[in-house]
Every structure is written in C-alpha cells, then in structure tokens.
Amino acid sequence: MLISRISATHVQVPYQAPVGPYIGRGGGPGSLGGHGLIVRVESEDGLVGWGEGLGVFATDPEAVLKGRRVGDIEGACAALEAVGIGPGPLSGVEMALWDLVGKRAGLPLCEVWGGRLREEAEFTACMGLKEPSESAATAREYRERWGFYSIKTKAGDDAALDLAIAAAVQQEIGDQIAFRPDANAGYEPDDAVEQMRKMKDLGVEHFEDPCAREHLDHLHRIRTELGVAVLVNMGIGKPDSVADVLVAEAADFLMPDTPASGSLSRVRQVTAVAEGFGVPCLMHCAHDLGLKTAAITHVAAATPNFSGPSDTCYHGLVDDILAEQLVFHDGKIKVPDGPGLGVEVDEAKLEKYSTN
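Residues numbered from 1 in each chain as written. Predicted model: local features only at pLDDT ≥ 70, side-chain atom pairs only at ≥ 80, totals over all residues. Heavy atoms only, no water.

Caption draft 1: Layout of the overall build of the chain. Within the chain, the secondary structure is distributed over 13 helices and eleven strands. On C-alpha atoms alone, the chain measures out to a radius of gyration of 20 Å, which is about the 21 Å that the 2.2 N^0.38 rule sets for 356 residues. Based on the C-alpha atoms only, the size of the chain along its principal axes is roughly 60 × 40 × 35 Å. Sequence separation of 24 or more characterises 75% of the internal contacts of the chain that already satisfy a separation of 6 or more. Carbon and sulfur atoms provide 49% of the accessible area of the chain, an area that totals close to 13,300 Å². In the chain, the 31 positive side-chain charges and the 53 negative ones have mean positions that sit 3 Å from each other. (Helix = DSSP H or I, 4+ residues; strand = E, 2+ residues; numbered from the N terminus. Rg over C-alpha atoms; globule rule 2.2 N^0.38 Å. Contact = heavy atoms within 4.5 Å. Areas by Shrake-Rupley, 256 points an atom, 1.4 Å probe, with all protein chains shown as cover. Lys, Arg positive; Asp, Glu negative; His and termini not counted. Charge placed at Lys NZ, Arg CZ, Asp CG, Glu CD.)

Next up, the structure:
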C-alpha cells in the first residue's frame, strides 16, 4: 500500500463556557477553541487515514512521501525531518499513517500496537485561570457535568492568587477530586519550594512544572521532602530528553505530547524509558480535537506505563470535526473499537471549521 496524496487543513472549533475562553499563564484573551492541523493521507487504492498535528509544513509532505509504503512510518518521519518539517506538523502525518495501517489491517490502533490493556482512558479536565470563586464553581461543574475526578488549572503568574484559587477549589470539592495546578515553570526555584509547602498545607497533592526542569534538585526536594507529586511536561520531547529528570528522581509523572515529540511512536518510547525508572506517563493537552483525543485513548489502552489521567479540554468544544463526538463518562472515554483510530472525520465539518 503506497502513499498517493497528502493534504492538510487548519481548523478551530470554538469552546463553550465554562472552558472558554481558556486563560493561560501570562493572561491575554485566552484560547477560544480547540485547534489543529488536520492531515489527510490517501493510499493508491483510495483508503484514507487522518491525523491531527500543529503548525505548518516547511515543505510539501506529499512531494517527499508520495510512492512510499504506508507502513514505513519511521522512514517517513525521518524523510520529513530531513527536509525541515518540525515535530508539530510531523505528528499529524505520523498519526494519519498509523490510522491507515490500522484500517488496512482491520484492527483498532491499540491492537496494531500489541493489545488492549484498558477499555477506557481517564482524563484530567483543564481549566484556565479564573478568580477563586469562579474556579471553585467551574471545578464543581466539571465534576458533576462530565464526571471528572482530576482537574487542572493554570498558575505561575501570581503566587498569592494561585494559593487563593487552590484554597477555594479544595474547600468546594477537594474531597471529590485530585486538584493539580500547573505553573509552566513560573516560580523561581526557592520560591517554588515554599509555594509547594503552602500548597501541601491546603491539600494539593499534585503540581505540574513548579519551576524550570533544569532545577532538578528543587524538583526532587519538592516530591521527596514535601510530598507533593511533581509532573514534568516542559522540555519533554524525544526519548533522549528525559534521562536527566529520571536519573535525578525529579518527577512522579512525565507528560509527553505528540506535537513536541513528533509522533505517537516517540510518545510511547518516552513512556517505555520512564517505565524503567518506575515513572508513569500521561499526555499533555494542546487544545486537542477529536482525532488526537481518540489517539490518546489508544496509547492508554496499549501502553502499560501510560496509566495516568491525560489532560483534555475536549469537553469544552461546541462541536468537532468528527462525525460523532467522543463522550465522557466519569471523566473517561471508551477506546474506539473501529479500525485505525476508530473515528470518522466529517469532511463537511472540516470545511466548516477550516481557517485555511
């Protein structure tokens, strides 16, 4: 089965309240919707695979890959990188090739990868920066409306506000959820240690990127002395990017992502490396649409060490480019049973939400 055509469409699907607008660290107008580079790869016999990445192609991928075997996924990735295509758009092509392989085999992607360890994938519901009372109300809505047991908020701009948000959420619903702020390395190392001490006193047990990952001794101290579980996302890319964090015992979880690593395969490779150190992994969120969200469920199903609740804002979308939106039950999504990613793209919706 040979590659015949490759095309790509930039799309954005709006968020509804209470997810949007999603205000991240640094403020501004926030993210108004999920977005992605939707890649369509067609084989010579007319079979189509779909993938979701980010960014733009530095070179036309069809010119590089036309006539190459669909199953030569590692070779295709190497060829695209050789002509300057970055990990964001590369991840869309790689996902589409896996979708094609699964469709040709008649198997769900998780079974192409060797098995189905889990029937559902658990998710952490992300919410941006809000005032403390609104944060508490949003956390309760996330729990009662979608059933999430794990909720993440942004942090790192104002330490006092971060504590006030944590206190409000913990008071409102802390006995029902795991609450995880994410500072995007916004605290200075010594300040991060003191802030984590205060967070721990409020009942916060998990914290993402409290300071830059270069400060391994501070991250190790936070997780061992203070007892706050540290999640590291920033700087996690290919498998060779995680050795220092793992050797220093500076993380309780790693958070790879396909646009950062360049592929689903590399995310699974990072997870395998971390498994050797007893450190589980979960997927970071890039304001994902349905294709990547479905892909996360397959990674979770097939990968032993991919056992945590991955990030998502998918519950906030007013629609999707899929013919049928994925559905949360108790904060989880069932792994699709169909071949490949197991979901169908609605090309009318793709055109509707195109920003090309």
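That covers the picture; the talk isn't over yet.
Caption draft 2: Inspection of the pattern of salt bridges at higher detail. Here the structure, examined in full by the defined rule, presents 31 salt bridges. Of the charged contacts, one joins Arg116 and Asp337 as a salt bridge, the two residues approaching to 3.5 Å between their closest N and O atoms. Separated by 221 residues along the polypeptide, Arg116 in the loop between helix H4 (109-112) and strand S4 (120-127) and Asp337 in the loop between strand S11 (332-334) and helix H13 (347-352) bring together distant segments of the chain. Its relative accessible area of 21% is what places Arg116 among the partly exposed residues. Between Lys152 and Asp182 there is a salt bridge, and its shortest N-O distance comes to 3.4 Å. Within this pair, whereas Lys152 is found in strand S5 (residues 150-154), its partner Asp182 is found in strand S6 (residues 178-182), the two being separated by 30 residues in sequence. Since its relative accessible area comes to 0%, Asp182 is described here as buried. When salt bridges that share partners are traced, they join Lys152, Lys154, Arg180, Asp182, Glu208 and Asp311 into one network. (Salt bridge = Lys/Arg side-chain N within 4 Å of Asp/Glu carboxyl O. Buried < 20%, exposed > 50% of the residue type's maximum accessible area, 1.4 Å probe, protein only.)

Caption draft 3: Representation of the environment of Arg116 within the structure. The sequence separation of Arg116 and Val299 amounts to 183 residues, and the corresponding C-alpha distance is 9.5 Å. Here the side chain of Arg116 touches Asp337 through a polar contact of 3.5 Å, side chain to side chain. (Polar contact = N/O pair within 3.5 Å; in protein donor to acceptor, adjacent residues only side chain to side chain.)

Caption draft 4: Summary view of the sheet that holds strand S3 (residues 48-53). Reading across from one edge, S1-S2-S3 is the order of the three strands in this open sheet, with antiparallel pairing throughout. Strands with a single pairing partner mark the edges of an open sheet, and in this sheet they are strand S1 (3-14) and S3. Neighbour-to-neighbour, the strand axes of this sheet turn through a mean angle of 25°, independent of strand direction. Packed onto the sheet, helix H3 (residues 87-105) meets S1, strand S2 (33-43) and S3 and runs at close to 150° relative to S3. Against the sheet, helix H12 (residues 290-302) touches S2 and S3, its axis set at about 95° to S3. (Pairing = 2+ DSSP bridges. Axes fitted to C-alpha atoms, helices over the stretch in contact; angles between N-to-C directions.)

Caption draft 5: Main features of helix H11 (residues 264-275). In this model H11 runs 17 Å from its N-terminal to its C-terminal C-alpha over twelve residues, within 8% of the 16 Å that 1.5 Å per residue would give. Of all the residues in H11, the buried ones are Leu264, Ser265, Arg266, Val267, Val270, Thr271 and Ala274. Regarding H11, its N-cap is Ser263, as a side-chain oxygen of that residue lies 3.5 Å from the backbone nitrogen of Ser265 further along. (Expected span 1.5 Å × (residues − 1).)

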